[in-house]
Amino acid sequence: MSSTPTLPFIPEILNIICEQLFLNNLTLACLARTCRALENPALNVFWSHLNGLSKLLRCLPSHLWEEKIKPDRSRSIVLLRSLAPQDCERMMQYAKRVWQFELDSLSNTGVETAVYDVLHAFLKDAKLFPNIRALVWEGLGVDFCIPFKFFHIFLGPSLYKFDFQCCGNSAQHISMISTLGELYPSITSFAFHWPQSVNDDEPQTVKIVSEMIPKWQHLETLSVSNLTYSALPAVSTLPSLKRLQVNQFETDVSRLNVQKGGFPALRNLNVVVQTEIADFIRILEHLDSSPVESLTMYFCVDEDHTPASWKNVFAAVRDYCHHDTLLSLNVLDLLEYPKLEPEEKVYQGGKGLTYDAINPLLVFHNLLNIQIDTPRGLYLSDYSETKAMASSWTRIKILMFKLPPYCQSGKESKITVADLLPFAEYCPHLEKLGLFIDGCSAPNIHEGKLGHGLTQTALTELRVGDSHACNDAFPIAAFLSSVFPSLGCICALPDEDIEYYDSDAGGDGGPRTRSHKVWNVADQLLENLVAVRKQEMVFYTSQQ
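Worth saying up front: this structure is predicted, and the values here are computed from it rather than measured.

### Here's the deal with the overall build of the protein
Then, in step 1: In terms of regular secondary structure, the protein is built from 19 helices and 17 strands.
Then, in step 2: Taking all 544 residues of the protein together, the buried fraction comes to 50%.
Then, in step 3: A fraction of 78% describes how many contacts in the protein between residues 6 or more apart in sequence connect residues 24 or more apart.
Then, in step 4: Of the roughly 26,100 Å² of accessible surface on the protein, 51% is carried by carbon and sulfur atoms.

Structure below.
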């Protein structure tokens, strides 16, 4: 009598199947119990990413631990006695499968502090996760810093990703960081963030971090709170660095010695500018040979810059970034500007960006995403400017300029709804668009085909801020729905902003309230026009 034949299991295929179930722990647990062939692949994925120690501690014999209910009704695990090797055999078998361990203030609340003492006493010089590759340690409060003295038990010889956010600049943190470069020379991803100016240890922390980073010659990702000005030239020589984020430079960036040919592999640059936007230009000078794909500049400079100063920034982007590789450009404002008081309700002083200011960016023909949040927005003059933008950025998917309320750009922008036609003609992938538009010059919907028969089916969202609009919303909606049939949202300012800025107008409100109502009606009409178009298609199809 022949036995049932054994099916051939290819380990690589089983691994792929289980990886597709990542984070689906219930299904992975069921697979691990199904047969021996699936046990190891399923358990490897089940335990590969561990958030906190609670799940692992529950693998200890039940008589060694208990779950306590705190006064706030949260639960935490406490160990009832010290651990012996025979107690931890099952737990350590699972711990060997952990590749990434994350500990934050939320996951840490499920474990009593005394548990770390017990684990430390049991492990001695051994590692809890011998095969760990990534450690994410987010200290978000003073109480969370307690387990830090046991930090070393979570490290392992294969560690290549280190992401640490501490709750203070203690000497203990500095000592730990200073040894990482020697103990783990193969680290490829390093993130270290700490609160700014919390005590006198900060300059020492900045100095140690800045001196240690250039030693990691295999580093691919770097994200730090602060660097000394002298560290950037050294960091720029790292041959494999692809992603760089720096929140602040410890000294005047103008003193930087430009390293020609720096950042040979850099793809993503993310910089926070806290002094002058000219500092950003100085940083860009290091990128003359870098194939940067994503460039993000956060600025929190509390001063009013002219369009000419922003033109200098964009000209530097043109001069120091490869025209063919740049795919994403973000210039984002971190400052929160307070709403104007009623007596200050005049157009905010200073002009916004003009076409001339952004003209240097037109050389980047492969851009997919542009988001520019300069304080005064952008105002355009005519069809020729939108055509130049659209014909230059033919691959663009997201094109957003800031639309601040009560700003000069909203008053002076002269492009009409009809002037958006170049985006339909040249930008087939454009999904989101944000521009000030003069809606008072409504398109004529009675002359020939709307938009000369052009259609673009990708655009789903149009943001107009507090742009002016005429009294009749139907021509606007009819034109946009015909040219952009997938458009589902015309987003003006939120109702609460309009009510605030026009609260002293009396009666039916001021011009912004009236324009806001027109844009809202146009937005509501879009859905009706789509329904009518579908009915027409059904009718024409039935007549054929």
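### A closer look at the side chain of Ser225
Then, in step 1: Position of Ser225 relative to the elements: it lies in the loop between strand S8 (221–224) and helix H10 (231–235).
Then, in step 2: Overall, the relative accessible area of 3% leaves Ser225 in the buried class.
Then, in step 3: At 3.2 Å, the side chain of Ser225 forms a polar contact with the side chain of His193.

### A word on the pairing of strand S2 (residues 65–69)
For a regular strand, side chains alternate in direction, first toward one face of the sheet and then toward the other.
Then, in step 1: Examined bridge by bridge, S2 and strand S3 (residues 75–79) share five bridges and lie antiparallel to one another. Each residue of the ladder has a partner; that of Glu67, found in S3, is Ile77.
Then, in step 2: The antiparallel pairing of S2 with S3 creates a hairpin that spans five residues between the two strands, and Arg73 there sits at a positive phi of about 75°.

### Some points on the pairing of strand S17 (residues 489–492)
Then, in step 1: Bridge count between strand S16 (residues 461–465) and S17: four bridges; the pairing is parallel. Along S17, the bridge assignment pairs Leu462 with Ile490.
Then, in step 2: Handedness of the S16-helix H17 (residues 474–483)-S17 crossover: right-handed.

### A word on the packing of helix H1 (residues 11–19) against helix H3 (residues 36–48)
Then, in step 1: One way to put it is that H1 packs onto H3 with a least axis distance of 9 Å and a crossing angle of 45°. Here H3 runs oblique to H1, going by the angle between their axes. Of the two elements, H1 crosses H3, and the hand of that crossing is right-handed. Facing H1, whose interface residues are Leu14, Asn15, Cys18 and Glu19, H3 presents Ala37, Leu38, Pro41, Ala42 and Val45.

### Some details on the pattern of salt bridges
Then, in step 1: If you walk through the whole model with that rule in mind, you get seven salt bridges.
Then, in step 2: For Arg318, the salt bridge is made with Asp319, and the minimal N-O distance between the two is 3.0 Å.
Then, in step 3: Judged by relative accessible area, which is 48%, Asp319 ranks as partly exposed.

### Comments concerning H17
Then, in step 1: Within H17, eight of the ten residues are buried, which leaves the element mostly enclosed by the surrounding structure.
Then, in step 2: Among the residues of H17, those classed as buried are Pro475, Ile476, Ala477, Ala478, Phe479, Leu480, Ser481 and Val483.

### Things to note about the packing of aromatic side chains
Then, in step 1: Counting across every chain of the model gives 15 aromatic pairs.
Then, in step 2: Seen in terms of ring centroids, Phe101 and Phe129 are 5.0 Å apart; in terms of plane orientation they differ by 35°. Their pairing is tilted. Here the residue Phe101 occupies a position in strand S4 (residues 100–103), and Phe129 occupies one in the loop between helix H7 (113–123) and strand S5 (134–138), the gap between them amounting to 28 residues. Residues Phe101 and Phe129 agree in their burial class; the two are buried.
Then, in step 3: Ring geometry for Phe164 against Phe192: centres 5.5 Å apart, planes inclined by 20°, an arrangement best described as stacked. Placement of Phe164 in strand S6 (residues 161–165) and of Phe192 in strand S7 (residues 189–193) is noted, with a sequence separation of 28 residues between them.
Then, in step 4: The buried category is assigned to Phe192, whose relative accessible area is 1%.
Then, in step 5: Here a set of aromatic residues connected by ring pairs shows up, and it is made of Phe101, Tyr116, Phe129, Trp137, Phe154, Phe162, Phe164, Phe190, Phe192 and Trp216.
Then, in step 6: In this arrangement the basic side chain of Arg133 is found over the ring face of Trp99, its NZ or CZ atom lying 3.6 Å from the centre.

### What to know about the confidence of the model for the protein
Then, in step 1: The predicted model of the protein has a mean per-residue pLDDT of 80, with 77% of residues at 70 or higher.
Then, in step 2: Here helix H18 (residues 495–501) is the element of the protein with the lowest mean pLDDT, 53, and helix H14 (residues 383–392) is the one with the highest, 96.
Then, in step 3: Low pLDDT, under 50, characterises residues 337–349; the stretch is placed with 33 contacts to residues that sit more than four places away or in other chains.
Then, in step 4: Taken together, the stretch residues 504–508 has pLDDT below 50 and engages in five contacts with residues farther than four places along the chain or on a different chain.

### A closer look at the packing of helix H2 (residues 25–34) against H3
Then, in step 1: Interhelical geometry of H2 versus H3 gives an angle of 155° and a closest axis separation of 7 Å. Viewed along their axes, H2 and H3 adopt a mutual orientation that is roughly antiparallel. Both H2 and H3 take part in a crossing whose hand is left-handed. Taken together, the residues of H3 that come into contact with H2 (itself represented by Asn25, Leu28, Ala29, Leu31, Ala32 and Thr34) are Leu38, Glu39, Ala42, Leu43, Val45 and Phe46.

### Some remarks on a nonpolar patch on the surface
Then, in step 1: Side chains of Ile10, Ile13 and Ile17 sit close together on the surface and give an oily, nonpolar patch of about 260 Å² of accessible area.
Then, in step 2: Counting through the fold element by element, Ile10 comes out in the segment before H1.

### Structural notes on the environment of Ser515
Then, in step 1: Relative to the elements of secondary structure, Ser515 occurs in helix H19 (residues 511–543).
Then, in step 2: As a C-alpha pair, Ser515 and His468 span 47 residues in sequence and 5.4 Å in three-dimensional space.
Then, in step 3: Residues contacting Ser515, with those up to four places away along its chain left out, are Ser467, His468 and Ala469.

About the cut-offs
- Residues numbered from 1 in each chain as written.
- Predicted model: local features only at pLDDT ≥ 70, side-chain atom pairs only at ≥ 80, totals over all residues.
- Heavy atoms only, no water.
- Helix = DSSP H or I, 4+ residues; strand = E, 2+ residues; numbered from the N terminus.
- Buried < 20%, exposed > 50% of the residue type's maximum accessible area, 1.4 Å probe, protein only.
- Contact = heavy atoms within 4.5 Å.
- Areas by Shrake-Rupley, 256 points an atom, 1.4 Å probe, with all protein chains shown as cover.
- Polar contact = N/O pair within 3.5 Å; in protein donor to acceptor, adjacent residues only side chain to side chain.
- Pairing = 2+ DSSP bridges.
- Right-handed = clockwise from strand over helix to strand, strands pointing away.
- Axes fitted to C-alpha atoms, helices over the stretch in contact; angles between N-to-C directions.
- Parallel < 35°, antiparallel > 145°, perpendicular 65-115°, else oblique.
- Left-handed = near helix turned anticlockwise from the far one by under 90°.
- Salt bridge = Lys/Arg side-chain N within 4 Å of Asp/Glu carboxyl O.
- Phe/Tyr/Trp six-rings, centres within 6.5 Å; stacked < 30°, edge-to-face > 60°.
- Lys NZ or Arg CZ within 6 Å of the ring centre and 35° of its normal.
- pLDDT = per-residue confidence, 0-100.
- Patch = residues over 30% accessible without salt bridge, like charges linked within 9 Å, V, L, I, M, F, W, Y side chains within 5 Å.

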